Amino acid sequence: MKQVVDVGLPPLKQAFSWAVKAKGEMLFMVAGPVRPDGSIDTGSIEQQARLTFANMQRATQAAGTSLENVTQVLIYMTDIADMDVIDKVYRESFSAPFPNRASVGVAALVEPGMKLEVVAYAMIP
């Protein structure tokens, strides 16, 4: 059984939820550079990364957990040259022991101008 977590962002046209709390002890979430009004930040990679990880923080708090309990992160980026900037912001959001992580370069994301999307899994105490 799973339950969608209200993270305060508008509903999507696409077939996914911002965060899903699984019965048991896990949170499954996706985050991107989406502003509270639903618009996409298409600015610099640093701006997009900050907003993406802030949205992840928002999702974990809404589900009753925190970034400290994130166990795995999958980063999708449209330009692998952005990894250093993404990693800098990532290190401001997470501390050791860091979550398991994979970083993947992709040709494009669904929203034009969107430079990264992050999938993550967290434990709920």
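Just so it is clear, the structure is predicted and the values come from calculations on it, not from any experiment.

Enquirer: Sorry if this is basic, but what is going on with the pairing of strand S5 (residues 100–105) here?
Expert: Working note: regular strand, side chains alternate between the two faces of the sheet. Looking at chain direction, strand S4 (residues 70–77) and S5 are connected through 6 bridges and run parallel. Bridge pairing in S5 links Tyr-76 to Val-104. This β-α-β element, S4 to helix H2 (residues 83–93) to S5, shows right-handed connectivity.

Enquirer: Just to check I follow, could you spell out the pattern of salt bridges for this structure?
Expert: When the charged atoms of two side chains lie near each other, side chains of opposite charge can form a pair. Under the definition given, this model contains 6 salt bridges. Where Asp-41 meets Arg-35, a salt bridge forms, and the shortest distance between an N and an O atom there is 4.0 Å. A residue is classified by how much of its surface remains accessible, and Asp-41, at 8% relative accessible area, is buried. On the basis of relative accessible area, Arg-35 is assigned to the partly exposed category, the value being 33%. Here Glu-92 and Arg-50 are joined by a salt bridge, their closest N and O atoms 2.5 Å apart. Here Glu-92, found in helix H2, pairs with Arg-50, found in helix H1 (residues 45–62); they are 42 residues apart in sequence, far enough to count as distant. Look at Arg-50 and you get partly exposed, because its relative accessible area is 35%.

Enquirer: It is not clear to me how unusual backbone geometry should be interpreted in this structure. Could you clarify?
Expert: Peptide bonds are trans in most cases, and residues, glycine excluded, mostly fall at negative phi. For the peptide bond that leads from Ala-96 to Pro-97, omega is 0°, which places it in the cis range. With respect to the secondary-structure elements, Pro-97 resides in the loop between H2 and S5.

Enquirer: Sorry if this is basic, but what is going on with the pairing of strand S6 (residues 116–123) here?
Expert: Most of S6 sits out of view: 6 of its 8 residues are buried. Here 6 bridges tie strand S3 (residues 26–31) to S6, and the two strands are oriented antiparallel to one another. Within S6, the residue paired with Met-29 across the bridge is Ala-120. Where S4 meets S6, 7 bridges bridge the pair, whose relative direction is antiparallel.

Enquirer: In this structure, what is going on with the environment of Asn-69? I would like to understand it.
Expert: Mapping Asn-69 onto the fold places it in the loop between H1 and S4. A C-alpha to C-alpha distance of 20 Å links Asn-69 and Ser-17, two positions 52 residues apart in sequence.

Enquirer: What exactly am I supposed to notice about H2 here?
Expert: Owing to its 3.6 residues per turn, the α-helix brings residues three or four apart onto one side. Buried within H2 are the following residues: Met-83, Ile-86, Asp-87, Val-89 and Tyr-90. Summarising the axial view, the buried residues of H2 lie within an arc of 165°, below the 170-degree limit, and thus occupy one face. Away from the buried face of H2 by more than 90 degrees, exposed residues Asp-84 and Arg-91 are located. Elements that come into contact with the buried residues of H2 comprise H1, S4, S5 and S6.

Enquirer: Is there a simple way to think about the side chain of Asp-87 in this case?
Expert: Here Asp-87 is to be found in helix H2. At 2.8 Å, the side chain of Asp-87 and the side chain of Arg-101 are in polar contact.

Enquirer: Any chance you could explain the packing of aromatic side chains here in plain terms?
Expert: One pair of aromatic rings is described through two measures. These are the centre distance and the angle between the planes. The final tally for this structure, using the stated rule, is 5 aromatic pairs. Between Phe-53 and Tyr-90, the ring centres sit 5.7 Å apart and the planes meet at 75°, which makes this aromatic pair edge-to-face. You can see Phe-53 sitting in helix H1 and its partner Tyr-90 sitting in helix H2, a full 37 residues away along the chain. Just as Phe-53 is buried, Tyr-90 falls in that class too. For the pair Tyr-90 and Phe-94, a centre-to-centre distance of 4.6 Å together with 40° between the ring planes defines the contact as tilted. Judged by its relative accessible area of 3%, Tyr-90 falls in the buried class. In this structure an aromatic cluster arises from ring pairing among Phe-53, Tyr-90, Phe-94 and Phe-98.

So, how was this worked out
Residues numbered from 1 in each chain as written. Predicted model: local features only at pLDDT ≥ 70, side-chain atom pairs only at ≥ 80, totals over all residues. Heavy atoms only, no water. Pairing = 2+ DSSP bridges. Helix = DSSP H or I, 4+ residues; strand = E, 2+ residues; numbered from the N terminus. Right-handed = clockwise from strand over helix to strand, strands pointing away. Salt bridge = Lys/Arg side-chain N within 4 Å of Asp/Glu carboxyl O. Buried < 20%, exposed > 50% of the residue type's maximum accessible area, 1.4 Å probe, protein only. Arc of directions from axis to C-beta. Contact = heavy atoms within 4.5 Å. Polar contact = N/O pair within 3.5 Å; in protein donor to acceptor, adjacent residues only side chain to side chain. Phe/Tyr/Trp six-rings, centres within 6.5 Å; stacked < 30°, edge-to-face > 60°.

Geometry only, nothing functional implied.
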